[in-house]
Each structure stands twice: as C-alpha cells, then as structure tokens.
Amino acid sequence: LAQLVIAQFVAGLMIVALPQPSLLPAVQGFLTGMALLLGFALPPLLLTVLMASAGFLGGVIAPSRDMLVRNAAPPGAAGRAFGIVSTGFNFSGILSQLLFGWIMDQNMPHWVFGASVIFMVMTVLLALVTDRKPQGSSEGSSEAPSRTHS
C-alpha cells in the first residue's frame, strides 16, 4: 500500500511512466535473504536468536541514549540536540564505512574490530563526562516560582 502511494506521488512529479507496483521485488528480496541465510555456517535458529538479541539490546540502549541527550541539552533546546545527535549518527554511519573499508584495503581486518572498540570506549567516556543537570532541577521547576508571583 505504501509502495502504491509513493509510486502515485512520484508519478505525478515525473513525465516518465512508472511501472505498476508489484510484489516481485519483495519476493526477490526474501528469496535472496533466504539463500544468504542458508549459505552461511550458522544454523538458522542460532542466527535468529542472535539477531533477536541484537534487536532487543538495541531497543534497551535507545531510551538511555535519548535520556542522556535530553539531560545534556540546554533548556528549550532538546530538539536541536536531537537533531545534532541524529546528524552525527548519519555522518558516522557514512564515515565508518569509509574508515573500515580503508582498514580492510590495508589488509588489517582485525583492526575493524579494534576501531569499533575504540569508538565504543570513547562513547562511554563521553557519556560519563557529559555535564548533566541534577535530577531535581528541570525546566518546569525553575519556572514555577515566577508563576506564583504573577
């Protein structure tokens, strides 16, 4: 349904006629994924458990990251802070591919993991030294006295 809506919207912007949406790309993607899954040494059940664990742990980490960003942001600037963090994720996703590709080109594949560890340790250290507001002080509590005097 989403593919149909997007195709109709894009078709209105283009002079070229687009082909009708179909399930063929989804089926091809599924079959390619299954072929890759069956071609690796890990049993499918173990791979499923590992991927589910990775997804669960990613979900556990995301709220704490959001809380760190919200606490580190100046009052009224949480949106800008999230924008900067999201942009940082996008740039790091691009730059890490270039860095890791260069490391592989240097015939040092073990340093892909070493560089990942270095960046993870740097992230933990930055999270520990981030200047956070005390838990009791928030935007609402600093404005409350001024409201009572009005």
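The structure contained in this document is the topic of the report that follows. Not measured: the values here are computed from a predicted model.

**Structural notes on the overall build of the protein chain**
When helices and strands are tallied, the protein chain shows six helices and zero strands. Ordering the α and β elements of the protein chain from the N terminus gives α-α-α-α-α-α. In the protein chain, 32% of the contacts between residues at least 6 apart in sequence involve partners at least 24 apart. Summed over all atoms, the accessible surface of the protein chain reaches about 12200 Å², with 74% contributed by carbon and sulfur.

**A word on the packing of helix α4 (residues 78–105) against helix α5 (residues 110–129)**
Put simply, α4 and α5 touch, their axes get as near as 9 Å, and they point 145 degrees apart. Crossing geometry of α4 relative to α5 is assigned as right-handed. Where α4 abuts α5, its residues Leu99, Phe100, Ile103 and Met104 lie against Trp111, Val112, Ala115, Ser116 and Phe119. Split by residue class, the contact of α4 with α5 holds eight nonpolar, one polar and no charged.

**What about α4?**
With 28 residues, α4 ought to run about 40 Å at 1.5 Å a step, and its terminal C-alpha atoms sit 40 Å apart, in line with that. Asn107 sits one or two positions beyond α4 and adopts a positive phi of about 60 degrees.

**So, unusual backbone geometry**
Although it is not a glycine, Asn107 sits at a positive phi angle of roughly 60 degrees. Among the structural elements, Asn107 can be located in the loop between α4 and α5.

Criteria and thresholds
Residues numbered from 1 in each chain as written. Predicted model: local features only at pLDDT ≥ 70, side-chain atom pairs only at ≥ 80, totals over all residues. Heavy atoms only, no water. Helix = DSSP H or I, 4+ residues; strand = E, 2+ residues; numbered from the N terminus. Contact = heavy atoms within 4.5 Å. Areas by Shrake-Rupley, 256 points an atom, 1.4 Å probe, with all protein chains shown as cover. Axes fitted to C-alpha atoms, helices over the stretch in contact; angles between N-to-C directions. Left-handed = near helix turned anticlockwise from the far one by under 90°. Nonpolar A, V, L, I, M, F, W, Y, C, P; charged D, E, K, R; others polar. Expected span 1.5 Å × (residues − 1).

These results come straight from atomic positions and should not be treated as a statement about function.
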